[in-house]
Amino acid sequence: MNFPSIHDPELSLLTPDDDVANPEVTILVPSLNEELTIGTFVDWCREGIAASGAAVEILIVDSSTDRTPEIARDRGARVLRTPKRGLGRAYIDAIPFVRGKFIIMGDADCTYDFRQIAPFIEAFRKGYDFVMGSRFKGSIEDNAMPPLHRYFGTPLTTWILNRMFASRFSDIHCGMRGISVDALLRMDLRSQGWEYASEMVLKSVHMELPTTEVPIHFLKDPDGRLSHMKRRGWMEPWRAGWRNLQAMFVYGFDFFLIWPGFLLLALGLIIMLPLLAGPMSIAGVRFSSNAMLFAMALAVLGQSMLVSAAIGRVIFDYSGRVQPRFEQLLPYNATIWGTVVAVLAGVLLAFPLFDSYVGNGYVLPEIGIETNWAIFGLWLITTAFQIFISGLMIRALGVMLPIKKPAPPLAG
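About the criteria used
- Residues numbered from 1 in each chain as written.
- Predicted model: local features only at pLDDT ≥ 70, side-chain atom pairs only at ≥ 80, totals over all residues.
- Heavy atoms only, no water.
- Helix = DSSP H or I, 4+ residues; strand = E, 2+ residues; numbered from the N terminus.
- Rg over C-alpha atoms; globule rule 2.2 N^0.38 Å.
- Buried < 20%, exposed > 50% of the residue type's maximum accessible area, 1.4 Å probe, protein only.
- Contact = heavy atoms within 4.5 Å.
- Areas by Shrake-Rupley, 256 points an atom, 1.4 Å probe, with all protein chains shown as cover.
- Lys, Arg positive; Asp, Glu negative; His and termini not counted.
- Charge placed at Lys NZ, Arg CZ, Asp CG, Glu CD.
- UniProt positions renumbered as here; feature names shortened; annotations may be inferred.
- Polar contact = N/O pair within 3.5 Å; in protein donor to acceptor, adjacent residues only side chain to side chain.
- Pairing = 2+ DSSP bridges.
- Right-handed = clockwise from strand over helix to strand, strands pointing away.
- Axes fitted to C-alpha atoms, helices over the stretch in contact; angles between N-to-C directions.

Enquirer: How would you sum up the overall build of the chain? Please name residues and give values.
Expert: Per the secondary structure count, the chain includes 14 helices and 10 strands. The C-alpha radius of gyration computed for the chain amounts to 28 Å, which surpasses the reference 22 Å derived for 412 residues by more than 25%, pointing to a less compact arrangement than a globule. Dimensions of the chain, computed from C-alpha atoms along their principal axes, come out at roughly 95 × 45 × 45 Å. Looking at the chain as a whole, 48% of its 412 residues are labelled buried. Taking all contacts inside the chain whose residues are at least 6 apart in sequence as the whole, residues at least 24 apart take part in 79%. Taken as a whole, the chain presents about 20,500 Å² of accessible surface, with 63% of it coming from carbon and sulfur. Each charge class in the chain was averaged separately, 37 positive and 39 negative side chains, and the resulting centres sit 2 Å apart.

Structure below.
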(Lines give C-alpha, C1' and ligand atoms only; values in the text may rest on other atoms or scores of the structure.)
Protein backbone atom coordinates (compact mmCIF):
# COMPACT_ATOMS: atom_id res chain seq x y z
CA MET A 1 0.00 0.00 0.00
CA ASN A 2 1.08 3.60 -0.41
CA PHE A 3 1.95 5.05 2.99
CA PRO A 4 1.18 8.69 3.78
CA SER A 5 3.91 11.19 3.06
CA ILE A 6 5.48 13.37 5.76
CA HIS A 7 4.24 16.23 3.57
CA ASP A 8 0.61 15.09 3.72
CA PRO A 9 -1.41 18.26 4.48
CA GLU A 10 -3.80 16.25 6.68
CA LEU A 11 -0.94 15.35 9.03
CA SER A 12 1.08 17.67 11.24
CA LEU A 13 3.89 16.85 13.66
CA LEU A 14 4.43 18.63 16.97
CA THR A 15 7.87 18.13 18.51
CA PRO A 16 8.87 18.71 22.15
CA ASP A 17 11.63 21.05 23.25
CA ASP A 18 13.76 18.14 24.54
CA ASP A 19 13.35 15.91 21.50
CA VAL A 20 15.32 12.65 21.39
CA ALA A 21 18.06 12.32 18.77
CA ASN A 22 18.65 9.06 16.88
CA PRO A 23 16.19 6.86 18.82
CA GLU A 24 16.63 3.09 18.76
CA VAL A 25 13.00 2.48 19.72
CA THR A 26 9.74 4.34 19.12
CA ILE A 27 6.84 4.10 21.54
CA LEU A 28 3.97 4.50 19.10
CA VAL A 29 0.54 5.02 20.66
CA PRO A 30 -2.75 6.40 19.23
CA SER A 31 -4.90 8.64 21.41
CA LEU A 32 -8.37 10.12 21.24
CA ASN A 33 -9.51 12.57 23.93
CA GLU A 34 -7.23 11.20 26.65
CA GLU A 35 -6.44 14.44 28.50
CA LEU A 36 -7.26 12.67 31.79
CA THR A 37 -4.49 10.08 31.36
CA ILE A 38 -2.05 11.29 28.69
CA GLY A 39 0.19 13.23 31.07
CA THR A 40 0.62 10.26 33.40
CA PHE A 41 1.08 7.95 30.43
CA VAL A 42 3.95 9.99 28.99
CA ASP A 43 5.52 10.20 32.46
CA TRP A 44 5.33 6.41 32.72
CA CYS A 45 6.97 6.09 29.31
CA ARG A 46 9.82 8.36 30.34
CA GLU A 47 10.26 6.36 33.54
CA GLY A 48 10.41 3.15 31.51
CA ILE A 49 12.87 4.71 29.07
CA ALA A 50 15.17 5.75 31.90
CA ALA A 51 15.06 2.23 33.37
CA SER A 52 15.83 0.63 30.01
CA GLY A 53 18.85 2.81 29.26
CA ALA A 54 17.87 2.94 25.57
CA ALA A 55 17.34 5.93 23.29
CA VAL A 56 13.56 5.95 22.88
CA GLU A 57 11.17 8.47 21.35
CA ILE A 58 7.48 8.75 22.25
CA LEU A 59 5.19 9.33 19.26
CA ILE A 60 1.51 9.94 20.00
CA VAL A 61 -0.86 9.69 17.02
CA ASP A 62 -3.68 11.98 18.03
CA SER A 63 -7.15 12.77 16.71
CA SER A 64 -8.45 14.48 19.84
CA THR A 65 -10.76 17.43 20.25
CA ASP A 66 -9.54 18.14 23.79
CA ARG A 67 -6.12 19.15 25.23
CA THR A 68 -4.50 15.73 24.75
CA PRO A 69 -1.92 16.80 22.12
CA GLU A 70 -0.78 19.88 24.05
CA ILE A 71 -0.34 17.89 27.28
CA ALA A 72 1.57 15.11 25.51
CA ARG A 73 3.95 17.53 23.80
CA ASP A 74 4.57 19.48 27.01
CA ARG A 75 5.49 16.24 28.78
CA GLY A 76 8.09 15.37 26.12
CA ALA A 77 6.29 13.38 23.43
CA ARG A 78 6.15 13.93 19.71
CA VAL A 79 2.54 14.32 18.57
CA LEU A 80 1.31 13.48 15.10
CA ARG A 81 -2.02 15.19 14.51
CA THR A 82 -4.25 13.14 12.18
CA PRO A 83 -7.91 13.05 11.17
CA LYS A 84 -10.08 10.59 13.09
CA ARG A 85 -10.23 7.54 10.84
CA GLY A 86 -9.63 4.35 12.81
CA LEU A 87 -7.15 2.72 15.17
CA GLY A 88 -5.42 0.65 12.50
CA ARG A 89 -5.19 3.67 10.23
CA ALA A 90 -3.47 5.64 13.01
CA TYR A 91 -0.54 3.23 12.87
CA ILE A 92 -0.43 3.36 9.07
CA ASP A 93 -0.39 7.18 9.14
CA ALA A 94 2.46 7.19 11.63
CA ILE A 95 4.89 4.91 9.76
CA PRO A 96 6.70 7.69 7.81
CA PHE A 97 7.29 9.58 11.07
CA VAL A 98 8.81 6.68 13.04
CA ARG A 99 12.56 7.16 13.57
CA GLY A 100 13.38 4.08 15.65
CA LYS A 101 14.29 0.64 14.37
CA PHE A 102 11.74 -0.96 16.66
CA ILE A 103 8.24 0.00 17.77
CA ILE A 104 6.41 -0.63 21.03
CA MET A 105 2.64 -0.20 20.74
CA GLY A 106 -0.08 0.20 23.30
CA ASP A 107 -2.84 2.43 24.61
CA ALA A 108 -2.61 5.89 26.16
CA ASP A 109 -5.16 5.16 28.90
CA CYS A 110 -2.66 3.91 31.52
CA THR A 111 -4.03 0.37 31.41
CA TYR A 112 -0.70 -0.96 30.09
CA ASP A 113 2.29 -0.29 32.32
CA PHE A 114 4.81 1.43 30.07
CA ARG A 115 7.17 1.78 33.03
CA GLN A 116 8.09 -1.80 32.10
CA ILE A 117 9.36 -1.57 28.52
CA ALA A 118 12.82 -3.00 29.17
CA PRO A 119 11.74 -6.63 28.43
CA PHE A 120 10.56 -5.57 24.97
CA ILE A 121 13.84 -3.83 24.20
CA GLU A 122 15.83 -6.82 25.45
CA ALA A 123 13.81 -9.10 23.16
CA PHE A 124 14.47 -6.83 20.17
CA ARG A 125 18.19 -6.89 20.88
CA LYS A 126 18.11 -10.70 20.99
CA GLY A 127 16.85 -10.69 17.41
CA TYR A 128 13.09 -11.03 17.77
CA ASP A 129 11.02 -9.12 15.22
CA PHE A 130 7.65 -9.51 16.93
CA VAL A 131 7.24 -9.27 20.70
CA MET A 132 3.76 -9.87 22.09
CA GLY A 133 2.80 -8.77 25.56
CA SER A 134 0.82 -11.31 27.56
CA ARG A 135 -1.57 -10.26 30.30
CA PHE A 136 -2.15 -13.89 31.23
CA LYS A 137 1.56 -14.54 31.75
CA GLY A 138 1.86 -11.29 33.70
CA SER A 139 -0.88 -9.88 35.89
CA ILE A 140 -4.41 -8.54 35.49
CA GLU A 141 -5.62 -6.11 38.11
CA ASP A 142 -9.06 -6.69 39.63
CA ASN A 143 -11.83 -5.23 37.45
CA ALA A 144 -9.31 -4.36 34.72
CA MET A 145 -10.80 -6.80 32.23
CA PRO A 146 -14.52 -7.61 31.83
CA PRO A 147 -15.23 -11.26 32.74
CA LEU A 148 -16.64 -11.83 29.23
CA HIS A 149 -13.27 -10.84 27.73
CA ARG A 150 -11.06 -12.46 30.36
CA TYR A 151 -12.69 -15.87 30.62
CA PHE A 152 -14.43 -16.29 27.26
CA GLY A 153 -13.61 -13.94 24.37
CA THR A 154 -9.84 -13.67 24.56
CA PRO A 155 -9.13 -17.34 25.52
CA LEU A 156 -11.53 -18.59 22.83
CA THR A 157 -10.19 -16.49 19.96
CA THR A 158 -6.59 -17.19 21.06
CA TRP A 159 -7.36 -20.92 21.05
CA ILE A 160 -8.95 -20.67 17.59
CA LEU A 161 -5.93 -18.86 16.16
CA ASN A 162 -3.48 -21.31 17.73
CA ARG A 163 -5.43 -24.26 16.29
CA MET A 164 -5.57 -22.67 12.85
CA PHE A 165 -1.88 -21.78 12.64
CA ALA A 166 -0.18 -24.16 15.08
CA SER A 167 1.04 -21.08 16.97
CA ARG A 168 1.55 -20.71 20.73
CA PHE A 169 0.23 -17.30 21.64
CA SER A 170 -1.35 -16.88 25.07
CA ASP A 171 -3.04 -13.51 24.54
CA ILE A 172 -3.59 -12.43 20.93
CA HIS A 173 -5.61 -9.35 21.89
CA CYS A 174 -3.01 -7.78 24.14
CA GLY A 175 -2.58 -4.22 22.88
CA MET A 176 0.95 -3.84 24.23
CA ARG A 177 3.25 -5.38 21.66
CA GLY A 178 6.45 -4.66 19.77
CA ILE A 179 7.57 -5.07 16.18
CA SER A 180 10.61 -4.13 14.14
CA VAL A 181 10.04 -1.37 11.62
CA ASP A 182 11.38 -3.60 8.84
CA ALA A 183 8.80 -6.29 9.67
CA LEU A 184 6.00 -3.72 9.95
CA LEU A 185 6.81 -2.32 6.50
CA ARG A 186 6.83 -5.77 4.95
CA MET A 187 3.65 -6.65 6.82
CA ASP A 188 1.77 -3.98 4.85
CA LEU A 189 -1.11 -3.48 7.31
CA ARG A 190 -4.48 -2.83 5.67
CA SER A 191 -6.99 -2.86 8.54
CA GLN A 192 -8.37 0.54 9.49
CA GLY A 193 -9.98 -0.35 12.84
CA TRP A 194 -9.68 -2.69 15.82
CA GLU A 195 -9.07 -5.71 13.60
CA TYR A 196 -5.52 -4.45 12.88
CA ALA A 197 -4.48 -6.36 16.02
CA SER A 198 -5.50 -9.73 14.58
CA GLU A 199 -4.13 -8.85 11.15
CA MET A 200 -0.76 -8.12 12.72
CA VAL A 201 -0.68 -11.41 14.65
CA LEU A 202 -1.83 -13.45 11.65
CA LYS A 203 0.63 -11.85 9.27
CA SER A 204 3.45 -12.39 11.78
CA VAL A 205 2.70 -16.12 11.49
CA HIS A 206 2.52 -16.02 7.68
CA MET A 207 5.83 -14.14 7.64
CA GLU A 208 7.44 -16.62 10.06
CA LEU A 209 8.74 -13.72 12.12
CA PRO A 210 11.01 -14.55 15.05
CA THR A 211 8.44 -14.09 17.83
CA THR A 212 8.36 -14.19 21.61
CA GLU A 213 6.04 -13.16 24.44
CA VAL A 214 6.82 -11.09 27.52
CA PRO A 215 4.59 -10.80 30.60
CA ILE A 216 2.97 -7.41 31.14
CA HIS A 217 0.82 -5.81 33.83
CA PHE A 218 -2.73 -4.89 32.87
CA LEU A 219 -4.36 -2.23 35.01
CA LYS A 220 -7.95 -1.06 35.37
CA ASP A 221 -9.07 2.25 33.91
CA PRO A 222 -8.14 5.25 36.06
CA ASP A 223 -10.98 6.73 38.09
CA GLY A 224 -13.18 8.97 35.97
CA ARG A 225 -12.15 7.48 32.62
CA LEU A 226 -14.64 5.63 30.41
CA SER A 227 -13.02 3.21 27.96
CA HIS A 228 -13.58 3.66 24.23
CA MET A 229 -15.40 0.31 24.14
CA LYS A 230 -17.92 1.54 26.71
CA ARG A 231 -18.24 4.90 24.98
CA ARG A 232 -19.46 3.11 21.86
CA GLY A 233 -22.11 1.08 23.69
CA TRP A 234 -22.59 -2.45 24.97
CA MET A 235 -22.51 -3.93 21.44
CA GLU A 236 -19.01 -2.65 20.65
CA PRO A 237 -17.11 -5.58 22.25
CA TRP A 238 -19.20 -7.97 20.16
CA ARG A 239 -18.60 -5.95 17.00
CA ALA A 240 -14.87 -5.80 17.73
CA GLY A 241 -14.78 -9.53 18.39
CA TRP A 242 -16.60 -10.27 15.14
CA ARG A 243 -14.21 -8.05 13.16
CA ASN A 244 -11.27 -9.87 14.71
CA LEU A 245 -12.79 -13.25 13.83
CA GLN A 246 -13.37 -11.97 10.30
CA ALA A 247 -9.68 -11.09 10.05
CA MET A 248 -8.81 -14.62 11.22
CA PHE A 249 -11.05 -16.15 8.57
CA VAL A 250 -9.58 -13.95 5.82
CA TYR A 251 -5.92 -14.43 6.69
CA GLY A 252 -6.39 -18.01 7.86
CA PHE A 253 -8.52 -19.10 4.90
CA ASP A 254 -6.27 -22.05 4.04
CA PHE A 255 -7.18 -23.67 7.37
CA PHE A 256 -10.74 -24.03 6.02
CA LEU A 257 -9.58 -25.23 2.61
CA ILE A 258 -6.64 -27.63 2.81
CA TRP A 259 -7.76 -30.47 5.07
CA PRO A 260 -11.46 -30.26 4.16
CA GLY A 261 -10.38 -30.20 0.51
CA PHE A 262 -8.22 -33.30 0.91
CA LEU A 263 -11.03 -35.05 2.76
CA LEU A 264 -13.67 -34.28 0.11
CA LEU A 265 -11.36 -35.20 -2.78
CA ALA A 266 -10.34 -38.48 -1.12
CA LEU A 267 -13.95 -39.38 -0.29
CA GLY A 268 -15.05 -38.65 -3.86
CA LEU A 269 -12.32 -40.85 -5.32
CA ILE A 270 -13.00 -43.66 -2.84
CA ILE A 271 -16.58 -43.77 -4.07
CA MET A 272 -15.90 -43.19 -7.78
CA LEU A 273 -13.05 -45.62 -8.47
CA PRO A 274 -14.85 -48.86 -7.47
CA LEU A 275 -17.93 -47.78 -9.42
CA LEU A 276 -15.89 -47.72 -12.64
CA ALA A 277 -16.44 -51.49 -12.63
CA GLY A 278 -20.20 -50.97 -12.49
CA PRO A 279 -22.93 -50.70 -9.86
CA MET A 280 -22.25 -52.40 -6.54
CA SER A 281 -24.00 -53.18 -3.28
CA ILE A 282 -22.63 -52.83 0.25
CA ALA A 283 -24.65 -54.19 3.19
CA GLY A 284 -27.75 -54.21 1.06
CA VAL A 285 -27.31 -50.63 -0.15
CA ARG A 286 -26.94 -50.26 -3.92
CA PHE A 287 -24.51 -47.72 -5.36
CA SER A 288 -24.78 -46.78 -9.03
CA SER A 289 -24.65 -43.70 -11.24
CA ASN A 290 -26.39 -41.47 -8.68
CA ALA A 291 -23.62 -42.24 -6.18
CA MET A 292 -21.10 -41.63 -8.96
CA LEU A 293 -22.51 -38.14 -9.60
CA PHE A 294 -22.49 -37.36 -5.88
CA ALA A 295 -18.88 -38.54 -5.59
CA MET A 296 -17.89 -36.45 -8.60
CA ALA A 297 -19.40 -33.36 -6.95
CA LEU A 298 -17.43 -34.09 -3.76
CA ALA A 299 -14.19 -34.54 -5.68
CA VAL A 300 -14.65 -31.37 -7.76
CA LEU A 301 -15.45 -29.34 -4.63
CA GLY A 302 -12.43 -30.78 -2.81
CA GLN A 303 -9.98 -30.08 -5.61
CA SER A 304 -11.41 -26.57 -6.05
CA MET A 305 -10.72 -25.91 -2.37
CA LEU A 306 -7.16 -27.21 -2.74
CA VAL A 307 -6.54 -25.08 -5.83
CA SER A 308 -7.86 -21.99 -4.00
CA ALA A 309 -5.64 -22.81 -1.02
CA ALA A 310 -2.58 -23.10 -3.27
CA ILE A 311 -3.25 -19.69 -4.84
CA GLY A 312 -3.84 -18.18 -1.40
CA ARG A 313 -0.59 -19.65 -0.12
CA VAL A 314 1.25 -17.80 -2.88
CA ILE A 315 -0.55 -14.53 -2.12
CA PHE A 316 0.19 -14.69 1.62
CA ASP A 317 3.72 -16.02 1.29
CA TYR A 318 6.34 -13.68 2.74
CA SER A 319 9.24 -16.13 2.43
CA GLY A 320 9.44 -16.08 -1.36
CA ARG A 321 9.64 -19.89 -1.36
CA VAL A 322 6.08 -21.05 -1.99
CA GLN A 323 5.58 -19.86 -5.55
CA PRO A 324 8.79 -21.49 -6.88
CA ARG A 325 7.79 -24.75 -5.15
CA PHE A 326 4.46 -24.78 -6.96
CA GLU A 327 6.20 -24.02 -10.24
CA GLN A 328 8.46 -27.03 -9.64
CA LEU A 329 5.44 -29.16 -8.76
CA LEU A 330 3.62 -28.05 -11.91
CA PRO A 331 6.29 -27.60 -14.61
CA TYR A 332 4.78 -25.74 -17.53
CA ASN A 333 5.44 -28.25 -20.34
CA ALA A 334 4.63 -31.29 -18.22
CA THR A 335 1.41 -29.68 -17.04
CA ILE A 336 0.31 -28.98 -20.62
CA TRP A 337 0.98 -32.57 -21.73
CA GLY A 338 -0.64 -33.93 -18.58
CA THR A 339 -3.72 -31.84 -19.34
CA VAL A 340 -3.84 -33.14 -22.91
CA VAL A 341 -3.52 -36.77 -21.79
CA ALA A 342 -6.18 -36.37 -19.07
CA VAL A 343 -8.61 -34.66 -21.46
CA LEU A 344 -8.10 -37.39 -24.08
CA ALA A 345 -8.62 -40.07 -21.42
CA GLY A 346 -11.78 -38.32 -20.31
CA VAL A 347 -13.08 -38.12 -23.87
CA LEU A 348 -12.35 -41.83 -24.42
CA LEU A 349 -14.18 -42.75 -21.22
CA ALA A 350 -17.20 -40.66 -22.26
CA PHE A 351 -17.22 -41.92 -25.86
CA PRO A 352 -19.11 -45.21 -25.24
CA LEU A 353 -22.03 -43.29 -23.72
CA PHE A 354 -21.99 -40.78 -26.57
CA ASP A 355 -21.86 -43.61 -29.11
CA SER A 356 -24.84 -45.31 -27.49
CA TYR A 357 -26.67 -41.98 -27.45
CA VAL A 358 -26.14 -41.51 -31.20
CA GLY A 359 -26.95 -45.13 -31.98
CA ASN A 360 -30.13 -44.93 -29.93
CA GLY A 361 -31.54 -42.13 -32.07
CA TYR A 362 -30.16 -39.36 -29.90
CA VAL A 363 -31.94 -40.69 -26.83
CA LEU A 364 -29.95 -41.69 -23.74
CA PRO A 365 -30.02 -45.45 -23.29
CA GLU A 366 -30.75 -47.24 -20.05
CA ILE A 367 -28.20 -46.30 -17.40
CA GLY A 368 -25.30 -48.71 -17.47
CA ILE A 369 -21.58 -48.89 -16.85
CA GLU A 370 -20.98 -46.46 -19.72
CA THR A 371 -22.64 -43.73 -17.66
CA ASN A 372 -20.18 -44.29 -14.80
CA TRP A 373 -17.28 -44.15 -17.25
CA ALA A 374 -18.58 -40.92 -18.71
CA ILE A 375 -18.97 -39.33 -15.27
CA PHE A 376 -15.40 -40.23 -14.39
CA GLY A 377 -14.24 -38.93 -17.77
CA LEU A 378 -15.92 -35.60 -17.15
CA TRP A 379 -14.21 -35.44 -13.76
CA LEU A 380 -10.84 -36.08 -15.43
CA ILE A 381 -11.44 -33.27 -17.93
CA THR A 382 -12.53 -30.86 -15.19
CA THR A 383 -9.55 -31.75 -13.01
CA ALA A 384 -7.08 -31.34 -15.87
CA PHE A 385 -8.29 -27.85 -16.71
CA GLN A 386 -8.40 -26.83 -13.03
CA ILE A 387 -4.80 -27.85 -12.50
CA PHE A 388 -3.64 -26.22 -15.74
CA ILE A 389 -5.44 -22.93 -14.99
CA SER A 390 -4.20 -22.87 -11.39
CA GLY A 391 -0.64 -23.36 -12.64
CA LEU A 392 -1.05 -20.36 -14.95
CA MET A 393 -2.51 -18.25 -12.13
CA ILE A 394 0.34 -19.12 -9.78
CA ARG A 395 2.86 -18.06 -12.43
CA ALA A 396 0.90 -14.86 -13.04
CA LEU A 397 0.97 -14.09 -9.32
CA GLY A 398 4.71 -14.62 -9.33
CA VAL A 399 4.99 -11.93 -11.97
CA MET A 400 2.47 -9.48 -10.51
CA LEU A 401 3.12 -9.67 -6.76
CA PRO A 402 6.02 -7.71 -5.25
CA ILE A 403 9.10 -9.66 -4.26
CA LYS A 404 8.89 -10.46 -0.55
CA LYS A 405 12.07 -10.88 1.38
CA PRO A 406 12.21 -13.62 4.03
CA ALA A 407 12.57 -12.66 7.69
CA PRO A 408 16.20 -12.62 8.91
CA PRO A 409 17.27 -15.55 11.10
CA LEU A 410 17.12 -15.18 14.87
CA ALA A 411 20.39 -13.85 16.28
CA GLY A 412 22.46 -16.30 18.27
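Enquirer: Give me the UniProt feature "domain: Glycosyltransferase 2-like" (unreviewed entry) in the chain: which residues, what numbers.
Expert: The UniProt feature table records "domain: Glycosyltransferase 2-like" (unreviewed entry) at residues 26-184. With 38% helix and 23% strand, residues 26-184 has its two end C-alpha atoms placed 13 Å apart.

Enquirer: So what's going on with the UniProt feature "transmembrane region" (unreviewed entry) in the chain? Which residues, and what values?
Expert: Mapped onto this numbering, the UniProt entry annotates "transmembrane region" (unreviewed entry) at residues 249-273, 293-316, 336-354 and 374-394. In residues 293-316, helix accounts for 96% and strand for 0%; the two terminal C-alpha atoms are 35 Å from one another. Overall, residues 374-394 shows 100% helix and 0% strand. The separation of its end C-alpha atoms is 30 Å.

Enquirer: Describe the side chain of Asn162, naming the residues involved and giving the relevant values.
Expert: Its location among the elements puts Asn162 in helix α5 (residues 147-165). Residue Asn162 is classed as buried on the basis of its relative accessible area of 9%. Polar side-chain contacts of Asn162 include one of 3.5 Å to the backbone nitrogen of Arg168. Here the side chain of Asn162 touches Phe169 through a polar contact of 2.7 Å, landing on its backbone oxygen. Once residues lying within four places of it in the same chain are set aside, the contact partners of Asn162 are Ser167, Arg168 and Phe169.

Enquirer: Could you give an account of the pairing of strand β3 (residues 56-62), naming the residues involved and the relevant values?
Expert: Most of β3 sits out of view: seven of its seven residues are buried. Every second residue of β3 is oriented toward a common face, with Val56, Ile58, Ile60 and Asp62 on one face and Glu57, Leu59 and Val61 on the other, all of them buried. Inspection of the sheet shows strand β2 (residues 25-31) paired to β3 by seven bridges, in the parallel sense. Bridge pairing in β3 links Pro30 to Val61. After leaving β2, the chain enters helix α1 (residues 38-52) and then returns to the sheet as β3, a path that is right-handed. Pairing of β3 with strand β4 (residues 78-81) involves four bridges; the strand directions are parallel. By the bridge assignment, Leu59 is partnered in β4 with Arg78. After leaving β3, the chain enters helix α2 (residues 68-74) and then returns to the sheet as β4, a path that is right-handed.

Enquirer: Would you mind going over the sheet that holds strand β5 (residues 102-105) in detail, with residue names and values included?
Expert: Reading across the sheet, the eight strands line up as β1-β4-β3-β2-β5-β7-β6-β8 and stay open at both edges, with mixed pairing between neighbours. Sheet topology places β1 (12-14) and β8 (211-218) at the edges, where each strand pairs with a single neighbour. Across the sheet, the mean angle from the axis of one strand to that of its neighbour is 25°, orientation sign disregarded. In this structure, β1 lies alongside β4, joined through three bridges in antiparallel fashion. By the bridge assignment, Leu14 is partnered in β4 with Val79. Where α1 meets the sheet, its contacts fall on β2 and β3, and the angle it forms with β3 comes to roughly 160°. Sheet strands in contact with helix α3 (residues 87-94) are β2, β3, β4 and β5, and its direction is about 140° off that of β2.

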